[in-house]
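Analysis of the macromolecular model
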Amino acid sequence: MKVSLQPALNDGNLDANQLNSQRQLGISISAIAESLDRNVPLNLCLILDHSGSMNGRSLETVKKAAIRLVDRLKSGDRLSVVVFDHRAKVLVPSQSLENPEKIKQQINRLTADGGTAIDEGLRLGIEELAKGKKDTVSQAFLLTDGENEHGDNNRCLKFAQLAASYNLTLNTLGFGDNWNQDVLEKIADAGLGSLSYIQKPEDAVDEFNRLFSRIQTVGLTNAYLLLSLMPNVRLAELKPIAQVSPDTIELPLQQEADGRFAVRLGDLMKDAERVILANIYLGQLPAGEQAIANVQVRYDDPAANQVGLFTPNIPVYAHVVKNYQADPNPQVQHSILALAKYRQTQLAETKLQQGDRSGAATMLQTAAKTALQMGDKSAATVLQTSATQLQAGQDLSESDRKKTRMVSKTVLQDTPPT
């Protein structure tokens, strides 16, 4: 397994007469499968809400979805199941998949009762997942339909950050309309997983399958982007780094001992891009090809039982010219639009929380136009519909708010599972 690492500036030309310039550096990163690669075992933990509100069809469809996943696991894969109401317990301890029928029976016996304590479920799930993380792709699916009424939301975020430090990926699934989108999004973002919205019970099986298909393509783990900037080049001070594909996430930076900036990427999928966007400022540079940065990826290859591997260090060049003409890069421009759509929608939500309905509608309209510019018609429709409702004096339902958040984060829709 190798890494594809492709940096590009949104405009490859730079004006030699300009004292200061701003550029967006787009970096596409993916795992490249080779014919001799063996499949990496999966280490999956299902963290399932079985509180009283899940009673009836909701819990039955979730159990069905979980059982379908058990059927898709292969010999050598690992599974654990944690369930929570106002308490949490380990239903299926972390184990190699040797007796799938027994596991399915345990899931089938689950009944709905009690309140909701997401943080306790998350804590136990991380413990079980950590037991099987050696030489595996380790991911959790956390599903809930409610608020963390018996728990602490800040504790959820701390557990998600702990999971990230263990190289565990957390995916969150909000079921119905009454879950807290801020909490589930923060857990997924910190765990570098994805946030999913299961609007109707019958969608649970498809959504579980979609996520499972995605994690089956993971080839490399524990990946970090390492970025060094030349003198006279610096990162923007506010929100300098974001991921824009497969989901949009603002990413934290940390500085390595050697002075380079490190950005945690988590798992790399085979032949599916993880796209990072860095906002950089450049001072005046002499004419000619000028190296402005170096990029490298550090990663683990669980199939080869190797850790701490590095790609070659790749320089990023700007073409500094005295007679400037723009040389735009369409892929990076698309990434810039994706991030703009996300941030415009966030601004709309903030204005809505402040009671500024008109300001929120305007920002949603702007986000809809941005979505159209990037060819994302389904997102544009959702965003414009929400804007129109606010302009008509109507409130957005919980469902509308969640759909708006989802389309703001997602750039490329996964194809439905076959």
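Refer to the structure above for everything that follows.
Let me begin by describing the structure that accompanies this report. Everything numeric here is computed off the predicted structure, so don't read it as measured data.

**Some points on the pairing of strand S3 (residues 20-32)**
Along S3, 10 of the 13 residues are buried, which leaves the element largely enclosed by surrounding structure. In the sheet, strand S1 (residues 2-9) pairs with S3 via 8 bridges, with the strands oriented antiparallel. When the bridges of S3 are listed, Lys 2 appears paired with Ile 32. Strand direction decides the pairing type here: S3 and strand S16 (residues 274-283), joined by 10 bridges, are antiparallel.

**Quick word on the packing of helix H7 (residues 330-353) against helix H8 (residues 357-373)**
With their axes 8 Å apart at the nearest point, H7 and H8 run at an angle of 165° to one another. Relative to H8, H7 is oriented roughly antiparallel. Helix-helix and strand crossings are classified by hand; for H7 and H8 the assignment is left-handed. Residues Leu 337, Ala 340, Lys 341, Gln 344, Thr 345, Leu 347, Ala 348, Lys 351 and Leu 352 of H7 form the contact with H8, whose participating residues are Arg 357, Gly 359, Ala 360, Met 363, Leu 364, Thr 366, Ala 367, Thr 370, Ala 371 and Gln 373.

**What to know about the nonpolar core**
Judged by nonpolar contacts, the single largest core of 39 residues is most densely connected at Leu 46, Leu 48, Val 81, Phe 141, Leu 143 and Phe 208. Residue assignment for this core shows that the elements contributing at least two residues are strand S4 (42-49), helix H1 (57-72), strand S5 (78-84), strand S6 (88-96), helix H2 (100-108), strand S7 (137-144), strand S8 (169-175) and helix H6 (204-215). Here this core takes 7 residues from H1, the largest share from any one element. If we ignore the near neighbours within four places in the chain, the residues touching Leu 46 are Ala 66, Leu 69, Leu 79, Ser 80, Val 81, Val 82, Phe 141 and Phe 208. In terms of nonpolar packing, the next biggest core, distinct from the first, is built from 36 residues, Leu 192, Leu 225, Ile 276 and Ala 293 among them.

Here is what the cut-offs are and how they apply
Residues numbered from 1 in each chain as written. Predicted model: local features only at pLDDT ≥ 70, side-chain atom pairs only at ≥ 80, totals over all residues. Heavy atoms only, no water. Buried < 20%, exposed > 50% of the residue type's maximum accessible area, 1.4 Å probe, protein only. Helix = DSSP H or I, 4+ residues; strand = E, 2+ residues; numbered from the N terminus. Pairing = 2+ DSSP bridges. Axes fitted to C-alpha atoms, helices over the stretch in contact; angles between N-to-C directions. Parallel < 35°, antiparallel > 145°, perpendicular 65-115°, else oblique. Left-handed = near helix turned anticlockwise from the far one by under 90°. Contact = heavy atoms within 4.5 Å. Core = buried A, V, L, I, M, F, W, Y, C linked by side-chain atoms within 4.5 Å.

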